[in-house]
Amino acid sequence: MSYQEAKERYAALGVDTQAAMDRLRKAPLSLHCWQGDDVRGFDTDPDKPLTGGIQTTGNYPGRARTPEELMADIDEVRRLVPGTPKMNLHASYAIMNEENGGWVDRDKLEPKHFSAWVDFCREHRMGCDFNPTFFSHPKCDPLTLASPNKDTRDFWIEHGRACIRISTYLAKELGQPCIMNIWTGDGFKDIPADRKGPRERYRESIDAILSEEYDFTQVKPCIESKVFGIGVESYTVGSSEFALSYAAFNKDRCIPLMDNGHYHPTEVVSDKIPALLAFFPEIALHITRPVRWDSDHVVLFDDETRELCKEIVRCGGLEGRVHMALDYFDASINRISAWATGFRNTEKALLYALLTPNEALKELQDEGRFTELMVRQEELKTEPFGEVWNEYCRQCGVPEDGTWFGEIERYEKEVLSARN
Ligand code: RNT
Ligand code: ZN
């Protein structure tokens, strides 16, 4: 079947395929820099362990070791993914060298440490999101913003405030709002004796960070919740109730962020999106794939990713209400392929959602015609979606399915294999 025929089939269902592709092409999707080097960053010893309850597994050769290598790899990913990628950096990816004054600790970071990233984003017409890095650092005691030690908290508050200033700089330089996500792995392995204290301290620390001045239309701090992490199985300070309550009581200065790896296995973020959008004007997402736990596997074109994307589309998420970011890190396979596969699958699921006759289906629901609703929804699954997807890739000037793996192999052979 040709794209033309597919277009006509969708038109018969009341779906305009070109309008769907145009809508998707305008929506930014944040590409996380940390898939390229297994979340190591450049500001501390790259061989230090990853802390904060997150973990990469695998030792596939070719990880990026320098800013130049990471940028080259991101460049390569960009050639393979359709849509509008936006960069997503962690503070630990600061570029510190002799020209800009050498190494500083995280509480002293400045916009200048990200100017090379700004040049990179500008060259590729990308906006940039940002994240303070509250993990993998000697000043985790092991807690950060919720620590009982004032010195520790103050250090991390200063880090958070520095990150707001950097986010303001990124938004200004690149002319796009910067989503700045606050996540800490603060928590306990075993049953705590005080659950309220750390949460009160966390709340006060976030208050202190957000007291730094910023324009909320340009810098959007997020609070990301979590259920548990490796080594912090019994208690997480920034639980779902904590993060949502914080965001709800501070609606004028931050937004909630849901990571779909951060819930119990039968909970689904697809259902939480419309629940939050009934109250919050904007929310943010980390899109990942949890396999039994927050394992951060590469995003697939699977049932829950499709359902998640349907809710984003139906709730006006593409028009600014939902800020979408990828968040996974697989070190067991080719990292460029991991990046590109997850990005392409998220775009694919969004396009699939845009090709769903959502209005007509909603009408069936509202009229109580549930038998027909089921039949129609099932039949949609075998419509010629792949033809439209390939057309979208063509229009975006990137390879269609079935044609890009050779490029992964070439890059691995010519670039990645030289790194070991
Ligand atoms: C960890 C959180 C967090 C991190 C990144 C690196 O469980 O999902 O968002 O993955 O900040
Ligand atoms: Zn996350």
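Structure: see above.
Residues numbered from 1 in each chain as written. Chains lettered and ligands numbered in written order. Predicted model: local features only at pLDDT ≥ 70, side-chain atom pairs only at ≥ 80, totals over all residues. Heavy atoms only, no water.

Under the counting rule described, the total for this entry stands at two cavities of 30 Å³ or more. Volume-wise, the largest cavity comes out at about 180 Å³. Secondary-structure elements contributing two or more residues to the lining of the largest cavity are strand 4 (178–182) and strand 11 (293–297). Its residues assigned to classes, the lining of the largest cavity shows eight nonpolar, five polar and six charged. When its volume is computed, the second largest cavity comes out at roughly 40 Å³. What lines the second largest cavity is Y10, Y352, L355, T356 and L380. (1 Å grid on protein atoms, 1.4 Å probe; cavity = no way out; pocket = protein on both sides within 12 Å on 5 of 7 lines; lining within 4 Å. Points joined across faces, edges and corners; volume = space filled by probe spheres on them. Helix = DSSP H or I, 4+ residues; strand = E, 2+ residues; numbered from the N terminus. Nonpolar A, V, L, I, M, F, W, Y, C, P; charged D, E, K, R; others polar.)

Our focus in this paragraph is the nonpolar core. With 118 residues, the main nonpolar core has W117, F130, I182 and L351 as its most contacted residues. Looking at this core, the element that brings in the most residues is helix 10 (residues 335–354), giving eleven residues. Formed by five residues, the second largest nonpolar core is a distinct cluster that contains I179, I255, L257 and A284. (Core = buried A, V, L, I, M, F, W, Y, C linked by side-chain atoms within 4.5 Å. Buried < 20%, exposed > 50% of the residue type's maximum accessible area, 1.4 Å probe, protein only.)

Near ligand 1 the following residues occur: W34, I54, H90, W183, E224, K226, D259, H262, H286, D294, D327 and F329. Between an oxygen atom of ligand 1 and a side-chain N or O atom of E224, the distance comes to 2.7 Å. Within the side chain of D294, a nitrogen or oxygen atom sits 3.2 Å from an oxygen atom of ligand 1. Taken by itself ligand 1 offers 310 Å² of open surface, and the protein chains cover 99% of this. Its atoms largely coinciding with the cavity grid, ligand 1 occupies the largest cavity. Residue composition of the shell around ligand 1, by class: four nonpolar, three polar and five charged. (Near = heavy atom within 4 Å. Polar contact = N/O pair within 3.5 Å; in protein donor to acceptor, adjacent residues only side chain to side chain. Areas by Shrake-Rupley, 256 points an atom, 1.4 Å probe, with all protein chains shown as cover. Sits in = over half its atoms within 2 Å of the grid points.)

Turning to the packing of helix 3 (residues 67–80) against helix 10, a few remarks are in order. It is the contact of helix 3 with helix 10, at a shortest axis distance of 9 Å, that shows an interaxial angle of 40 degrees. Taken together, the axes of helix 3 and helix 10 lie oblique to each other. Relative to helix 10, the crossing made by helix 3 is right-handed. Contacts from L70, D73, I74, E76, V77 and L80 in helix 3 reach I336, W339, A340 and R344 in helix 10. Here the contact of helix 3 with helix 10 is composed, by residue class, of seven nonpolar, no polar and three charged. (Axes fitted to C-alpha atoms, helices over the stretch in contact; angles between N-to-C directions. Parallel < 35°, antiparallel > 145°, perpendicular 65-115°, else oblique. Left-handed = near helix turned anticlockwise from the far one by under 90°. Contact = heavy atoms within 4.5 Å.)

The topology assignment puts H323 in strand 12 (residues 322–326). Not counting the four nearest positions on each side in its chain, H323 is found in contact with I179, K220, I255, E282, I283, A284 and L285.

Turning to the side chain of D75, a few remarks are in order. Structurally, D75 is set in helix 3. Buried D75, no salt bridge; nearest opposite-charge side chain is R78, N-O distance 4.6 Å. Setting aside residues up to four positions removed in sequence, D75 forms contacts with F120 and H124. (Lys, Arg positive; Asp, Glu negative; His and termini not counted. Salt bridge = Lys/Arg side-chain N within 4 Å of Asp/Glu carboxyl O.)

What follows concerns the packing of aromatic side chains. All chains considered together, the criterion is met by 13 aromatic pairs. On the basis of an interplanar angle of 85 degrees and a centroid distance of 4.9 Å, the ring pair of F155 and W156 is categorised as edge-to-face. There is no split in this pair, since F155 and W156 are both buried. Judged by centre distance (6.0 Å) and plane angle (45 degrees), the rings of W389 and Y392 are tilted. Of the two residues, W389 and Y392 both sit in helix 13 (residues 385–396), three residues apart, roughly one turn of that helix. The two residues W389 and Y392 agree in class, both being buried. One cation-aromatic arrangement involves K220 over F216; the distance from NZ or CZ to the ring centre is 5.1 Å. (Phe/Tyr/Trp six-rings, centres within 6.5 Å; stacked < 30°, edge-to-face > 60°. Lys NZ or Arg CZ within 6 Å of the ring centre and 35° of its normal.)

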